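In case you want the letters, here they are:
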Amino acid sequence: MSQLLDPKVLMAIKDLSLAARTVIDGFMSGLNRSQMKGAGLEFSQYRSYQPGDDLRWLDWKMYARSDRYYIRESEMETSISVRFLVDASNSMNHKDGDISKMDYARYLAAALAYLAYMQGDAIGLYVFRDAHLYSLPSRKDPQHLSRLFFQLEQLQPAGRFTEEIHYKQLFTGERRRELLIFITDMYQQKEEISHLLSALSALQHELIVFHLMGRNELEMDFGNYAALKDLETGETIQINPAQMKRTYMENMEQYLAATRMQLLEQHIFYRMVPMDQPLDKALRDFLNQRQRSEI
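Note on numbering: residues in each chain are counted from 1, in written sequence order. Local features are withheld for residues below a pLDDT of 70 in this predicted model, meaning they are given only at 70 or higher, and side-chain atom pairs are given and counted only at 80 or more; totals for whole chains, interfaces and linings count all residues. Just so you know, side-chain values use all the structure's heavy atoms and leave hydrogens and water out.

Enquirer: Would you explain the overall build of the protein chain in this entry?
Expert: Under the scheme used here, helices are H or I runs from DSSP no shorter than 4 residues and strands are E runs no shorter than 2 residues, and both carry numbers assigned from the N terminus. Scanning the protein chain from N- to C-terminus turns up 10 helices and 12 strands. Each residue is placed in one exposure class: buried if its accessible area under a 1.4 Å probe, protein chains only, is under 20% of its type's maximum, exposed if it is over 50%, and partly exposed if it falls in between. The buried share of the protein chain, reckoned over its 295 residues, is 51%. Any two residues whose heavy atoms approach within 4.5 Å at even a single point are treated as in contact. For the protein chain, restricting intrachain contacts to residue pairs at least 6 apart in sequence, the fraction spanning at least 24 positions comes to 72%. Here the protein chain displays about 15300 Å² of accessible surface, and carbon together with sulfur accounts for 49% of that area. Using a 1.4 Å probe, accessible areas were evaluated by the Shrake-Rupley method; residue-level cover was limited to the displayed protein chains.

Enquirer: Explain the sheet that holds strand β8 (residues 179-184) to me, please; I cannot follow it from the model alone.
Expert: Either a parallel or an antiparallel arrangement is found when strands of a sheet pair, and the pairing is made through backbone hydrogen bonds. One bridge is not enough; two strands pair if DSSP finds at least two bridges between them. In spatial order, the strands read β7-β6-β3-β8-β9-β12; together these 6 strands make up an open sheet with mixed pairing. This sheet does not close on itself; its edge strands, each paired only once, are β7 (132-139) and β12 (269-274). Pairwise comparison of adjacent strand axes, ignoring direction, gives a mean angle of 15° for this sheet. Sheet topology places strand β3 (residues 81-87) next to strand β6 (residues 122-129); 7 bridges connect them, and they run parallel. If you follow Val 82 over to β6, its bridge partner there is Ile 123. Together, β6 and β7 form the strand contacts of helix α5 (residues 142-154), whose direction differs from that of β6 by roughly 20°. Every angle, taken between N-to-C directions, lies between 0 and 180 degrees, and every axis is a line fitted to C-alpha atoms, over only the stretch in contact when it is a helix.

Enquirer: Can you help me understand the environment of Phe 84 in this one?
Expert: Along the chain, Phe 84 turns up in strand β3. For the pair formed by Phe 84 and Ser 135, sequence separation is 51 residues and the distance between their alpha carbons is 9.8 Å. When sequence neighbours within four positions are dropped, the list of residues in contact with Phe 84 reads Ala 109, Leu 112, Ala 113, Ile 123, Gly 124, Leu 125, Tyr 126 and Ile 181.

Enquirer: What is the right way to read the packing of helix α4 (residues 101-118) against α5 from this model?
Expert: Axis angle and axis distance: for two packed helices, these are the angle between their axes and the distance between the axes, and together they describe the pair. Running from N to C, α4 and α5 cross one another at 175°; their axes reach a closest spacing of 10 Å. If you check the angle between α4 and α5, you find them roughly antiparallel. Counting all contacts with α4, which are made through Arg 106, Ala 109, Ala 110, Ala 113, Tyr 114 and Tyr 117, the residues of α5 involved are Pro 142, Leu 145, Leu 148, Phe 149, Leu 152 and Glu 153. Considering only residue class, the contact of α4 with α5 consists of 10 nonpolar, no polar and 2 charged. Angle categories: roughly parallel below 35 degrees, roughly antiparallel above 145, roughly perpendicular from 65 to 115, and oblique for all the rest. Each residue is assigned to one of three groups, with Ala, Val, Leu, Ile, Met, Phe, Trp, Tyr, Cys and Pro labelled nonpolar, Asp, Glu, Lys and Arg labelled charged, and all others, Gly among them, labelled polar.

Enquirer: For this particular structure, what's the right way to read the pattern of salt bridges?
Expert: Oppositely charged side chains may form a pair once their charged atoms are brought near each other. The salt bridge definition used is simple: a Lys or Arg side-chain nitrogen within 4 Å of an Asp or Glu carboxyl oxygen. All chains considered together, the criterion is met by 8 salt bridges. Across the salt bridge formed by Asp 141 and Arg 147, the nearest N and O atoms sit 3.8 Å from each other. Under the relative-accessibility criterion, Asp 141 is labelled partly exposed at 25%. Look at Arg 147 and you get partly exposed, because its relative accessible area is 38%. The partner of Arg 246 in a salt bridge is Glu 250, with the nearest N and O atoms 3.6 Å apart. With Arg 246 and Glu 250 both in helix α9 (residues 241-265), this residue pair falls 4 residues apart, about one helical turn.

In structure tokens, the structure reads:
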């Protein structure tokens, strides 16, 4: 596995589009015979190139190995709209080592957007930040992909998660179903994220949630700190890691299980992603879990 796929190393690549291509190349090379099922982000098999085929679907690695042209063929060739919903509230500034949740979300969204674009899907970006919603409507031209990368590069977390607004009017869009990919840390104060997901689920779009967690959060590894600060409210609490760790770990396990069950009951695909996990591995694990859920 290339060390370029480590999220800490990816941050050194200033060109987000290059980082996205690097991740997806690693992801696709590890697919083997795997397939993504359901709307969007499809990969099925290779077939020989035929005159008139879209050149964007040519697989140059297969050409290098076989000296023949092959097309990556999808199970569902009709284009769809893939909307990326990114939580950019201040809690996404949480760091695990040198990487923040916002950093990881930025690269994850860019990689998936690049993959969707290569499949001919329209892509859009919706950012929940500082109690507002910022949107980049779905399109599928190369300039639009560049605009999406630019917006992700400039994105800085601030404030609280967006307050409840008319989500149904915002996300109804066209009458066809869409794929919504939500990248978040699931930090909420008044169930605002849960309400958002319930509203989106009711629209019967396919909804995927990537839940980002720092390894230091999962294992209560905050070094010698005796207090923790809430990034969104500014409140601080005193901690004693040695005394609290067992209870903390039990509560964390219960919280993650309850979150997963709550979303699955709403037919929302859920994946918790530790921030120390290389991005191409995160995508392959996501694919494998997605396949198992459809067997």
